[in-house]
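# Structure assessment
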Amino acid sequence: MSGKDASRQTLQIAIVGSGPSGFYAAEALLRSDRDVRIDMIERLPTPYGLVRSGVAPDHPKLKQAIAVYDGIARDESFSFFGNVTAGRDVSIAELQRTHHAVLLACGAHEDRTLAIPGSGLAGSHSATEFVGWYNGHPDFRHRTFDLSHEVAVIIGQGNVAADVCRILAKPVDGLRDSDIAEHALEVLAESKVKEIHVIGRRGPAHAKFTAKELRELAGISDVTAHAKPEECVLNEESRLELEGRANFNAVKNLEMFGAFARQVETRGQRRIWFRFCLSPAALVGRDRLEAISFVRNRLEGPPFSQKASATDQTETISCGLVLRSIGYRGVPLDGVPFDGLLGVVPNVAGRVVYGEKPMRGLYVTGWLKRGPTGIIGTNRADSIETVENLLGDASEEEVKSGADALLPLLEARRVRWVSFAEWLKIDAAEIERGKDKGKPREKFTRIDEMLNVLE
Amino acid sequence: MPHIVTDNCQRCRFTECVDHCPVQCFHADDEQLYINPDVCVDCGACIPVCPVQAIYDVVDMPDDKKPWVAVNKERASMLPIISTKQDPLPTAKARQAELGF
């Protein structure tokens, strides 16, 4: 970066997490007129967060964002420290001593649980586990999903629910040329699932799918989408909501749900049922999940703040698998305030606050800042905001050593950190492994496998 | 299918879309923005943030807007990338009201 003021000290910034929000923060820092050095710390040896381990394998186009991150990582003012866990290998307090600012971008990777009887039964999982498993995330490679029952249930109607539904519904041949983990492909190839129920607690006007995702689900070959006509009838409040011009996504969703409800014929191998105004009340089964009992909800309250309220009607769906996708929470970090209710780090426009008071040199961005909403690009605008405030506060007067102080800490603790150049070797090895299978890559799913590439 | 900026952007140029684009696919002249269809990853992040709904997924585009597909491709190829939000045009507020948003 040229034209920077040479008389000032270099601003040393530590970014914790290497997903979209972390990389867009790095981009905004590097674009600024300040002299900045960035050290990005990542728990895994591999960068890119949910673009690598969240984005569905059959959405390769979205993964092209990686080319942008790769370009950022090659900037000479940027260093990657993979396989380093902040809070274990190095504390946040230590990073605050070695760097002018610490920017937390570690996402919201804990899923919200169902506080209902039977939620611990075998066959009950979070969508996160399933996504991590089919995407080859090292934390989830050993999970097992029993797809031997014909009926699967997905709780939640957001885009993660759409992704897991699509992976369950899609003919497996449509996934073979993707970067889906081999172990998942083998299990999906044997899947007996014929019917997938996707359950929303509120009405069809409140499903969070983007119309694009919903259209894609309905368009899967060999799959029919259904909805129940009586569940697609709108109350007056929902009709008013749809009149708002900003609500055009819901209008499109509703057109599709209406078409599903008129779908009487069932063609193809699999059926997807979109169900509304149902909340799970109990998971039922002796040794493992056999059924879910639901309570029917009624919508109450004014337009745009309608809430689901339980009635005394119930319904039971027999099933062998349930995936819940009802929200995500950040994980508390030592020395960092945490809002246990929202599952985020409390902040004002990215400045971490304790009570009302901003914590000097501590910032947050992405899902850990605003909660698990939005898509990849949403994080760019979010990180631009955080970085603007960070740079507004930062003073170069104090000398910080950055990586020069971080490296001795990691070495003293015998942390085998992975540089960006080393990641590129892992990357090349994965691409090579995929070649004979016709896949863009076959991911390593164990950290020791990744590190072996570097020996 | 790519995403397309249409004539609602003219005299507005709010550029909210630019900060939300994960891959910097927006290009600009003094009049409006254009999307490079070869770079756009079809995520749709730009659509809801446009105050005047100027951006469409081609699939959802009204027929009368279809000529904009070719215009976006052509103009994007000859204009510089715009990578961060800029101030809207002075006429933006009036135009937004005129368009009924």
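Everything in this summary refers to the structure shown in the same document. (Residues numbered from 1 in each chain as written. Chains lettered and ligands numbered in written order. Predicted model: local features only at pLDDT ≥ 70, side-chain atom pairs only at ≥ 80, totals over all residues. Heavy atoms only, no water.)

### Quick notes on the overall build of chain B
Note the following rule: Put simply, DSSP H or I for four residues or longer makes a helix, DSSP E for two residues or longer makes a strand, and each gets a number counted from the N terminus. We compute the radius of gyration from the C-alpha atoms alone; for a globule the expected value is 2.2 Å times N to the 0.38, where N is the number of residues. With a 1.4 Å probe rolled over the protein chains alone, any residue whose accessible area is under 20% of its type maximum counts as buried; one over 50% counts as exposed, and the rest are partly exposed.
Broken down by element type, chain B carries three helices and four strands. The helix and strand sequence of chain B, counted from the amino end, reads β-α-β-β-β-α-α. Over its C-alpha atoms chain B spans a radius of gyration of 12 Å, differing by no more than 12% from the 13 Å that the globule rule assigns to 101 residues. Across the 101 residues in chain B, those meeting the buried criterion constitute 51%.

### Concerning the packing of helix 1 (residues 20–31) of chain A against helix 12 (residues 378–393) of chain A
All names here are of chain A. This is how it is decided: Interaxial angle, 0 to 180 degrees, is taken between N-to-C directions of lines fitted to C-alpha atoms, where a helix line uses only the stretch in contact. In this scheme, roughly parallel covers angles under 35 degrees and roughly antiparallel covers those over 145, while 65 to 115 is roughly perpendicular and the rest are oblique. For any pair of crossing helices, the crossing counts as left-handed if the nearer helix is rotated counterclockwise from the farther one by less than a right angle, and right-handed if it is rotated clockwise. Should any heavy atoms of two residues lie within 4.5 Å, those residues are counted as being in contact.
In contact at an axis separation of 8 Å, helix 1 and helix 12 are set at 50 degrees when each is read in the N-to-C sense. Considered as vectors, helix 1 and helix 12 are oriented oblique to each other. The crossing of helix 1 and helix 12 is right-handed. Where helix 1 approaches helix 12, its residues Pro 20, Ser 21, Tyr 24, Ala 25, Glu 27, Ala 28, Leu 29 and Arg 31 are matched on the opposing element by Asn 379, Arg 380, Ser 383, Ile 384, Val 387, Leu 390 and Leu 391.

### Overview of the packing of aromatic side chains
Any pair of aromatic rings gets described here by the distance separating the centres and the angle formed by the planes. Residues and elements named next belong to chain A. Selection criterion: Pairing of aromatic rings covers Phe, Tyr and Trp, the last through its six-membered ring, and needs centres within 6.5 Å; plane angles under 30 degrees mean stacked, over 60 mean edge-to-face, and all others mean tilted. Here, a charge over a ring means that NZ of Lys or CZ of Arg falls within 6 Å of the ring centre while also lying within 35 degrees of the ring normal.
For the coordinates displayed, the defined rule picks out 18 aromatic pairs over all chains. A centroid spacing of 6.1 Å and a plane angle of 75 degrees characterise the contact between Phe 257 and Phe 260, whose relative ring orientation is edge-to-face. Pair noted here: Phe 257 and Phe 260 are both in helix 10 (residues 248–262), with a separation of three residues, about one helical turn. The pair formed by Phe 257 and Phe 260 is uniform in burial state, with each residue classed as buried. Members of the aromatic cluster, joined through ring pairs, are Phe 23, Tyr 24, Tyr 48, Tyr 69, Phe 78 and Trp 423. Over the ring of Trp 273 we find Lys 228; its NZ or CZ atom is 4.6 Å from the centre of that ring.

### Considering helix 5 (residues 127–134) of chain A
Residues and elements named next belong to chain A. Most of helix 5 is tucked away: eight of the eight residues are buried. Those residues of helix 5 that fall on the buried side of the exposure criterion are Ala 127, Thr 128, Glu 129, Phe 130, Val 131, Gly 132, Trp 133 and Tyr 134. Within two residues after helix 5, Gly 136 carries a phi angle of roughly 70 degrees, on the positive side.

### Some thoughts on the sheet that holds strand 10 (residues 270–275) of chain A
All names here are of chain A. Applicable threshold: In this scheme, strands are said to pair when DSSP sees at least two bridges between them.
Here we have six strands laid out as an open sheet, ordered 6-14-7-8-10-9, and parallel in their pairing. On the outer flanks of this sheet lie strand 6 (124–126) and strand 9 (223–227), each paired with one strand and no other. Taken pair by pair, the neighbouring strands of this sheet meet at an average axis angle of 20 degrees, ignoring direction. Of the pairings in the sheet, the one linking strand 7 (residues 151–155) to strand 14 (residues 321–324) comprises four bridges and is parallel in character. Residue pairing in the sheet places Val 153 in a bridge with Val 322 of strand 14. Together, strand 9 and strand 10 form the strand contacts of helix 10, whose direction differs from that of strand 9 by roughly 100 degrees.

### Thoughts on helix 10 of chain A
Residue and element names in this part refer to chain A. The criterion, for reference: A helix's residues, less one, multiplied by 1.5 Å, set its expected span.
For helix 10, with 15 residues, the first-to-last C-alpha span of 22 Å sits near the 21 Å given by 1.5 Å per residue. Listed in full, the buried residues belonging to helix 10 are Ala 250, Asn 253, Leu 254, Met 256, Phe 257, Gly 258, Phe 260 and Ala 261. Those residues of helix 10 that are buried lie in contact with helix 8 (211–218), strand 9, helix 9 (236–243) and strand 10.

### Some points on the side chain of Asp 58 of chain A
Residue and element names in this part refer to chain A. Stated precisely, the cut-off is as follows: Identification of polar contacts relies on pairs of N or O atoms within 3.5 Å, with a donor-acceptor requirement for protein atoms, meaning one able to donate a hydrogen and the other able to accept it, and with residues adjacent in sequence counted only if both atoms are side-chain atoms.
Among the structural elements, Asp 58 can be located in the loop between helix 2 (49–53) and helix 3 (65–73). Since its relative accessible area comes to 12%, Asp 58 is described here as buried. Engagement of the side chain of Asp 58 in a polar contact is seen with the side chain of Arg 166, the distance being 2.7 Å. Apart from the residues within four sequence positions on either side, Asp 58 is in contact with Arg 166, Ile 167, Lys 170, Leu 175, Ser 178 and Glu 216.

### Comments concerning the pattern of salt bridges
All names here are of chain A. Note the cut-off: In the sections that follow, a salt bridge refers to a side-chain nitrogen of Lys or Arg positioned within 4 Å of a carboxyl oxygen of Asp or Glu.
Inspection of every chain in the model, using the stated rule, returns 54 salt bridges over all chains. Among the salt bridges present, the one from Glu 422 reaches Arg 416, with a minimum N-O distance of 3.0 Å. Exposure remark for Arg 416: the relative accessible area of 30% places this residue in the partly exposed category. The shortest N-O distance in the salt bridge between Glu 432 and Lys 435 comes to 3.4 Å. Taken together, the residues span about one helical turn, with Glu 432 and Lys 435 both in helix 14 (residues 420–435) at a distance of three residues. On the basis of relative accessible area, Lys 435 is assigned to the exposed category, the value being 57%. One salt-bridge network, in which partners are shared between bridges, spans Asp 58, Asp 163, Arg 166, Lys 170, Glu 213 and Glu 216.

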